[in-house]
Amino acid sequence: GAVAIAPLLDQLLLLDPNDVELYLRRIRLNREMGRLEGIAADVQTLQQLIDHSPDELMELANMISTESDSDQRFVEFALRLADRAVAMAPEQGGLCAQRAILHLHNGDSEAAIADLERATVLVPGNFRNWYELAFLKLEAGDRVDYNRICKRMHQAIPPTSSHTIEQFVPWTAALGNAELE
């Protein structure tokens, strides 16, 4: 099991201390075994090894958040990485949308809403960002903004050859009985 694999991963990392995938596997293994203290050192090493592009930082942030098991220290660390990624490429709406998910994982729906609003401006044709934003507004009981967002989504997302997307806009509006006209 996991206990037997841990020493093997340690040995492999001694042979190749620059293998990013081995560190990622050890982080997952440590989380499975409840050894959260070992994760922090591996994350620090990964930060030094990975390409410091915004996409790579966000990928690391998402992985840390996923593997954190809701440990607040790791969720906050993942958010700091996400903040760095967004600061490096503030024009990339996809990074804002990904950071919104991390904010939700941290229980901060206001920050998630702010990121999703920015994402809808930067990438107006992405129906998922509109849906997430509309859903958060509906969940917060803000029907006025929910209706406004559904109308903007209806205007921003053009008819497409994708049946899924064509159905997604009215379905999102139907969740809270928004009027699109």
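Everything discussed here concerns the structure shown above.
It should be emphasised that the depicted structure is a prediction, and the values quoted were computed from it without experimental measurement.

Draft legend 1. Seen up close, the overall build of the protein chain. Of the regular secondary structure elements, the protein chain holds 10 helices and 0 strands. In the protein chain, the succession of helices and strands from N to C terminus is α-α-α-α-α-α-α-α-α-α. With the C-alpha coordinates aligned to their principal axes, the bounding extent of the protein chain is approximately 65 × 30 × 25 Å. Counting only residues that meet the buried cut, the protein chain has 40% of its 181 residues in that class. Pairs at least 24 apart in sequence give 54% of the contacts found in the protein chain among residues at least 6 apart.

Draft legend 2. Spotlight on the packing of helix 4 (residues 54-67) against helix 5 (residues 72-88). Two elements in contact, helix 4 and helix 5, have axes separated by 8 Å at closest approach and are oriented at 165 degrees. For the element pair helix 4 / helix 5, the angle class is roughly antiparallel. Note on packing geometry: the crossing formed by helix 4 with helix 5 is left-handed. Contacts between helix 4 and helix 5 involve P54, L57, M58, L60, A61, I64 and S65 on the former and, on the latter, F74, F77, A78, L81, A82, R84, A85, V86 and M88.

Draft legend 3. Geometry of the environment of D83. Residue position: D83 is located in helix 5. Taking relative accessible area as the criterion, D83 reaches 35% and is therefore assigned partly exposed. Between the C-alpha atoms of D83 and D16, which are 67 residues apart in sequence, the distance is 30 Å.

Draft legend 4. Summary view of unusual backbone geometry. Even without being a glycine, N177 presents a positive backbone phi close to 55 degrees. Position of N177 among the secondary structure elements: in the segment after helix 10 (163-175).

Draft legend 5. Looking closely at helix 8 (residues 127-139). Taking 1.5 Å per residue, 13 residues should reach 18 Å; helix 8 reaches 18 Å between its end C-alpha atoms and fits that length. Residues F127, N129, W130, Y131, L133, A134, L136 and K137 constitute the buried set of helix 8. Residues of helix 8 that are buried make contact with helix 6 (93-105), helix 7 (109-122), helix 9 (143-156) and helix 10. Here helix 8 starts with a cap whose side-chain oxygen sits 2.9 Å from the backbone nitrogen of R128, and that cap is N126. At the exit of helix 8 stands G141, carrying a positive phi of roughly 80 degrees.

Draft legend 6. The side chain of N129, seen in detail. Along the polypeptide, N129 turns up in helix 8. Judged by its relative accessible area of 6%, N129 is buried.

Draft legend 7. The arrangement of the packing of aromatic side chains in detail. Evaluation of the coordinates by the stated rule reveals 2 aromatic pairs. A ring pair is formed by Y131 and F135, whose centres lie 5.9 Å apart and whose planes are at 25 degrees; its orientation type is stacked. Linking Y131 with F135, this pair stays in helix 8, spanning 4 residues, or about one helical turn. With a relative accessible area of 16%, Y131 lands in the buried category.

Draft legend 8. Summary view of the side chain of R26. Looking at the secondary structure, you find R26 in helix 2 (residues 20-32). Excluding residues within four positions of it along the chain, R26 makes contact with L9, D10, L13 and D42.

Definitions and cut-offs
- Residues numbered from 1 in each chain as written.
- Predicted model: local features only at pLDDT ≥ 70, side-chain atom pairs only at ≥ 80, totals over all residues.
- Heavy atoms only, no water.
- Helix = DSSP H or I, 4+ residues; strand = E, 2+ residues; numbered from the N terminus.
- Buried < 20%, exposed > 50% of the residue type's maximum accessible area, 1.4 Å probe, protein only.
- Contact = heavy atoms within 4.5 Å.
- Axes fitted to C-alpha atoms, helices over the stretch in contact; angles between N-to-C directions.
- Parallel < 35°, antiparallel > 145°, perpendicular 65-115°, else oblique.
- Left-handed = near helix turned anticlockwise from the far one by under 90°.
- Expected span 1.5 Å × (residues − 1).
- Polar contact = N/O pair within 3.5 Å; in protein donor to acceptor, adjacent residues only side chain to side chain.
- Phe/Tyr/Trp six-rings, centres within 6.5 Å; stacked < 30°, edge-to-face > 60°.

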